[in-house]
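Coordinate inspection notes
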Amino acid sequence: MIEYPGKFNLKFDRLIAVDEFIEKVLYHPKAGYYSKKIPFGSRGDFITAPTISNLFSEIIGIWLVSTWEKLGSPERFNLVELGPGDGSLSKVLLRTFKNFPKFNKSTKIYLYEKSGLLKKSQKNNINSSKIKWINNFNSIKKGPVIFFGNEFFDAIPIKQFSYFKSQLFEKHFILNRESGLSETYRKASKDDISKIKYYKTFKNSKFIEYPKSGFRELEVIVKKISKLSGGIMLIDYGYLDTINSSTLQAVMGNKKMNMISLFKNLGKVDITYLVNFNLLKEFFTKKDLKVKNIVSQKFFLEKMGILERAKILSKTMTHKEQNYMKLTLMRLLHKNLMGDLFKVIFAYKSNRNNFLGFE
Ligand SMILES: C[S@@+](CC[C@H](N)C(=O)[O-])C[C@H]1O[C@@H](n2cnc3c(N)ncnc32)[C@H](O)[C@@H]1O
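Residues numbered from 1 in each chain as written. Predicted model: local features only at pLDDT ≥ 70, side-chain atom pairs only at ≥ 80, totals over all residues. Heavy atoms only, no water.

**A few points about the sheet that holds strand β11 (residues 249-252)**
This is how the line gets drawn: Here the rule is simple: two strands pair whenever DSSP picks up at least two bridges between them. Each helix corresponds to a stretch of at least 4 residues labelled H or I by DSSP, and each strand to a stretch of at least 2 residues labelled E; elements are numbered beginning at the N terminus. Only C-alpha atoms enter the line fits that serve as axes; for helices the fit covers just the stretch in contact. Angles between N-to-C directions range over 0 to 180 degrees.
With antiparallel pairing, three strands are arranged side by side in an open sheet as β12-β11-β13. Across the chains shown, the open sheet's two edge strands, defined by having one partner strand only, are β12 (255-257) and β13 (270-272). Averaged over all adjacent pairs, the angle separating strand axes in this sheet is 40°, with direction ignored. Alignment of β11 against β12, held across three bridges, turns out to be antiparallel. By the bridge assignment for β12, Val-251 is matched with Lys-256.

Shown next as structure tokens:
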């Protein structure tokens, strides 16, 4: 028998759509995974690029400075980190930006975070009056704006659908006191059907993952970009070809787990999915943003000079530090590790298009 704590507001024997279920177990303000635990690092549940490598964050910093230059070095410029986790990336950005005084003077940095616990951790980690925490983007009124997020989009719950005899059905979970979890399908709503049919990317798909909440977040961001100019860069674990099956993953202690173990550990397990980058591209294009080539993390970081930078840094490092850097570089760049699995997309509104890292 499995006990499901009512603390998630979950009820037995009721249908719940996949996205609503994920929202409750990850983001319930008291019991949710992201409300109770700092999940990153080797002792956490998963490792992200900024939490293993300052070099990664430094390269993102260099890219942000170069993008500001490509946009004509505006005197007023805004950066928004989406889902900053424990604040590791922005902490390094602040240090890196000190080497570029004109850029630093022009730039305001905002952190956009949903989890109260992570916001606290960011505030402990970063002590700078240059950073402002925001819950919406209303205070950004002037100057181009660049939004960027590492593993932000894959943390936003998705909906799942499947075609049966050419009719679209939405996947739901049912929680049962005795048997645990099962899944079932119900007819999709008219609204969801028309949204899904709107995207060519889904044309030949039998199984569909639709990031309804994620697109709601992006709608607001795109409006801001369209008004002020600038762009959005997202880095995530994702794919280009159609997968046609569920990509949901539950992760605990740096290990993947099956759905049954997930339901025995609600609130202690992270749930993510693989991001459909062609869908993101279609979304941005339909909103009249231009999109650079979608590239792998390896391609992007190498184009931005990560290997050259590592060589310079290694000259003043101890042998132990050099070995550690080699190890993290391998994690970031190896094609079976983050190198190829993670992709980078940049969508923008500007007359300029010679942004670095994508060609
Ligand atoms: C997988 S973590 C990545 C953290 C960090 N970017 C990194 O690479 O280490 C996802 C982050 O996005 C945040 N997040 C998820 N959904 C969000 C939303 N709708 N609005 C703001 N932050 C969100 C989470 O709380 C968390 O900080």
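**Brief notes about a nonpolar patch on the surface**
We count it as follows: Residues forming no salt bridge and having over 30% relative accessible area are the ones grouped into patches, like charges within 9 Å of each other and nonpolar side chains (Val, Leu, Ile, Met, Phe, Trp, Tyr) within 5 Å. Only the protein chains shown count as cover for residues, with accessible areas throughout obtained via the Shrake-Rupley method and a probe of 1.4 Å. Think of a salt bridge as a Lys or Arg side-chain nitrogen and an Asp or Glu carboxyl oxygen that are within 4 Å of each other.
Together, Tyr-324, Leu-327, Met-330 and Leu-337 line one region of the surface with nonpolar side chains, adding up to about 390 Å² of accessible area. Inspection of the secondary structure assignment puts Tyr-324 in helix α14 (residues 319-333).

**Quick word on the packing of helix α13 (residues 306-314) against α14**
Spelled out, the test is: Orientation is classified from the angle alone, with under 35 degrees giving roughly parallel, over 145 giving roughly antiparallel, 65 to 115 giving roughly perpendicular, and any other angle giving oblique. In this description, contact between two residues means that some pair of their heavy atoms is separated by no more than 4.5 Å.
Where α13 contacts α14, the two axes come as close as 11 Å, and the packing angle between them is 170°. The angle between the axes of α13 and α14 places the two elements in the roughly antiparallel class. Facing α13, whose interface residues are Ile-306, Leu-307, Ala-310, Leu-313 and Ser-314, α14 presents Gln-322, Met-325, Leu-329, Leu-332 and Leu-333.

**Digging into the pairing of strand β10 (residues 230-239)**
Looking along a regular strand, one sees side chains alternate from face to face of the sheet. The test is simple: Note on classification: 1.4 Å probe, protein chains only; a residue is buried when its accessible area is under 20% of the maximum for its type, exposed when over 50%, partly exposed between these limits.
Among the ten residues in β10, nine count as buried, and that is most of the element. Of the pairings in the sheet, the one linking strand β5 (residues 145-150) to β10 comprises six bridges and is parallel in character. The partner of Val-145 across the bridge, within β10, is Gly-230. Pairing between β10 and strand β17 (residues 342-349): eight bridges, direction antiparallel. Bridge pairing in β17 places Gly-231 opposite Tyr-348. Looking at chain direction, β10 and strand β14 (residues 275-276) are connected through two bridges and run parallel. Among the inter-strand pairings, Tyr-239 is bridged to a residue of β14, identified as Asn-276.

**Points about the pattern of salt bridges**
Considering all chains together, one arrives at twelve salt bridges under this definition. Two residues, Asp-19 and Lys-159, come together in a salt bridge whose shortest N-O distance is 3.3 Å. One end of the pair, Asp-19, is in helix α1 (residues 18-27); the other, Lys-159, is in strand β6 (residues 159-164), and 140 residues separate them in sequence. This pair shows no difference in class: Asp-19 is buried, exactly as Lys-159 is. Two residues, Glu-282 and Lys-286, come together in a salt bridge whose shortest N-O distance is 2.8 Å.

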